[in-house]
Amino acid sequence: MTATTTREYTDTDLDEIFRPVFDRIAEGAVRRESTRELAREEIGWLKDVRFGALRVPVELGGYGASVRTLFRLLIDLAAAESNLPQALRVHWSFVEDQLLSTDTPAREQWLRAVADGTLVGNAITEPGVGAVDRYRTTVTEVDGGLKLDGTKYYSTGSLYSDHILVAADRDGERVSVLVDADADGVTQHDDWDGFGQRLTASGTTEFAGVDVPADRVLGAGYGAPGRTYSTSYLQLVQLAVLAGIAQRALDDVAGWVRARTRTFTHAAADLPREDPLVQQVIGRLSAAAYTSRTLVLDIAEKLDRILDRGATDEALLDEVEFDVARAQHAVITTVLDATTQLFEVGGASITSERLRLDRHWRNARTISAHNPLIYKLQAIGDHVLNGTDLPYAWSAGKR
């Protein structure tokens, strides 16, 4: 059981708790990438130190961290293993929803469960037609109870989680339901075939007659009309992943260059680390890591203010939605450029499979494709020129 405490945790306290775990996770990153080994054990290490309870109040057994502190640690975790913050992306918004809930008994129940180590995955996106019209995954009443049926794709993190937050249709209304990951009728597949972020457990999930207790129907959830904090929040997790990728790429390549003595006859210096052209590439990587980290933490501070005020201030919601949309362009282009250019520091040997430095670009490219930048930039331009509202929640599918 979670010990109840009133202790306040400083950033230094949290670093002392989580840094050794992140370092341990980082040690196996290249091996897992090479073997496509899901990070189940590493998720277990995070559960052991109650990483998922960062935002849970201390009186309910959590750490009481700010949103900014959470995102600072997500960047650090992404630097150790970029798959894991993405795998936990919806877990964080689930916790925020509980913090905002006015249903005190349910709120306390779920926050204490999270403090005990519970993790929540998601099953929102659907293949084919998708949810452009409505979700094909349904909640229906059968013999006085509720049943969940349907198929979901990109069920990020669900294979690592205790519960799955499922977006479904109930008589024409969008609802979110929370089901146990090991419930009868739930079948999960590790069939995500992207060339990057391979270990996010983003496969297909099937639901066949899954029992849904009435208290597990949690409301409208993703896709409901109107302004919400969650769109910017979920996008910011992806940008935190990119910031972490940039930091790990910098660390990996700088370490490789420092140890390298081999160079070219026409190079500007005898050692690569003293070559001004190589130094320029490292400088670009460093700038990418700094820029992306700074933007993520700046927006996280704004989310702190929004959530502290109940996430109902429409002007603040519009401001942070606009900021994260613009930051998406800045971070994506900067990190993709830097993780491409890093190969300029050292000939064919830097492409060695043993190093797996290509994983940085592949992972960055993959996560950057989740919310296509061309549509984001168009929405920004339309907003600037015509005052058109930014799209808060959207669905993908056949129109």
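Each remark here, short or long, concerns the structure printed above.
Quick caveat, the model's predicted, so the values are computed rather than measured.

Conventions adopted
- Residues numbered from 1 in each chain as written.
- Predicted model: local features only at pLDDT ≥ 70, side-chain atom pairs only at ≥ 80, totals over all residues.
- Heavy atoms only, no water.
- Helix = DSSP H or I, 4+ residues; strand = E, 2+ residues; numbered from the N terminus.
- Buried < 20%, exposed > 50% of the residue type's maximum accessible area, 1.4 Å probe, protein only.
- Expected span 1.5 Å × (residues − 1).
- Polar contact = N/O pair within 3.5 Å; in protein donor to acceptor, adjacent residues only side chain to side chain.
- Phe/Tyr/Trp six-rings, centres within 6.5 Å; stacked < 30°, edge-to-face > 60°.
- Salt bridge = Lys/Arg side-chain N within 4 Å of Asp/Glu carboxyl O.
- 1 Å grid on protein atoms, 1.4 Å probe; cavity = no way out; pocket = protein on both sides within 12 Å on 5 of 7 lines; lining within 4 Å.
- Points joined across faces, edges and corners; volume = space filled by probe spheres on them.
- Nonpolar A, V, L, I, M, F, W, Y, C, P; charged D, E, K, R; others polar.

J.: Lay out unusual backbone geometry with the relevant residues and their values.
T.: Positive phi is not limited to glycine here, since Tyr154 has a value of about 55°. Relative to the elements of secondary structure, Tyr154 occurs in the loop between strand E3 (145-152) and strand E4 (163-170). Phi is positive for Gln197, close to 45°, though the residue is something other than glycine. When you line up the elements, Gln197 lands in the loop between strand E6 (186-188) and strand E7 (205-212). By relative accessible area, which is 0% here, Gln197 ends up buried.

J.: Quick one: what's the story with helix H10 (residues 314-341), residue by residue and with numbers?
T.: At 3.6 residues per turn, the α-helix brings residues three or four places apart onto the same side. Under the 1.5 Å per step criterion, the end-to-end length of H10 is 41 Å for 28 residues, consistent within 8% with the ideal 40 Å. Backbone nitrogen of Ala315 and a side-chain oxygen of the N-cap are separated by 3.1 Å at the start of H10; the cap is Asp313.

J.: Account for the packing of aromatic side chains, with residues named and values stated.
T.: Scanning all chains against the criterion turns up 12 aromatic pairs. For the pair Phe18 and Phe22, a centre-to-centre distance of 6.3 Å together with 15° between the ring planes defines the contact as stacked. Linking Phe18 with Phe22, this pair stays in helix H1 (residues 11-27), spanning 4 residues, or about one helical turn. We note that Phe18, like Phe22, is buried.

J.: Talk me through the pattern of salt bridges; I want residue IDs and the actual numbers.
T.: Counted under the stated rule, the structure contains 30 salt bridges. The shortest N-O distance in the salt bridge between Glu42 and Arg32 comes to 3.0 Å. Here Glu42 is found in helix H3 (residues 40-48), whereas its partner Arg32 is found in helix H2 (residues 29-35), with 10 residues between them in sequence. Arg32 matches Glu42 in its accessibility class, with the two residues each being buried. Among the salt bridges present, the one from Arg32 reaches Glu81, with a minimum N-O distance of 2.9 Å.

J.: I'd like a rundown of empty space enclosed by the protein, residues and numbers included.
T.: On inspection of all chains with the given rule, the structure shows 4 cavities of 30 Å³ or more. Approximately 110 Å³ is the volume attributed to the largest cavity. Around the largest cavity, the lining is made up of 13 residues, and of these Ala29, Glu81, Ser82, Arg359 and Asn363 lie nearest the centre. Listed by contribution, the elements that provide at least two residues to the lining of the largest cavity are H2, helix H4 (67-80), helix H8 (230-259) and helix H11 (358-368).

J.: Before we move on, can you summarise the layout of surface pockets with the specific residues and values?
T.: The calculated volume of the largest pocket comes to roughly 1400 Å³. Contributing to the lining of the largest pocket are 50 residues, with His370, Asn371, Trp394, Ser395 and Ala396 lying nearest its centre. Mapped onto the lining of the largest pocket, the elements with two or more residues apiece are helix H5 (83-87), helix H6 (89-100), H8, H11 and helix H12 (373-386). Sorting elements by how many residues they give to the lining of the largest pocket places H12 first, with 5 residues. In the lining of the largest pocket, the residues fall into 22 nonpolar, 20 polar and 8 charged. Counted as a void, the second largest pocket has a volume near 870 Å³. For the second largest pocket, the lining is made up of 36 residues, of which Asp97, Leu218, Gly219, Ala220 and Gly221 are closest to its centre. For the lining of the second largest pocket, the secondary structure elements donating two or more residues are H6, helix H7 (104-115), E4, strand E8 (217-219) and H8.

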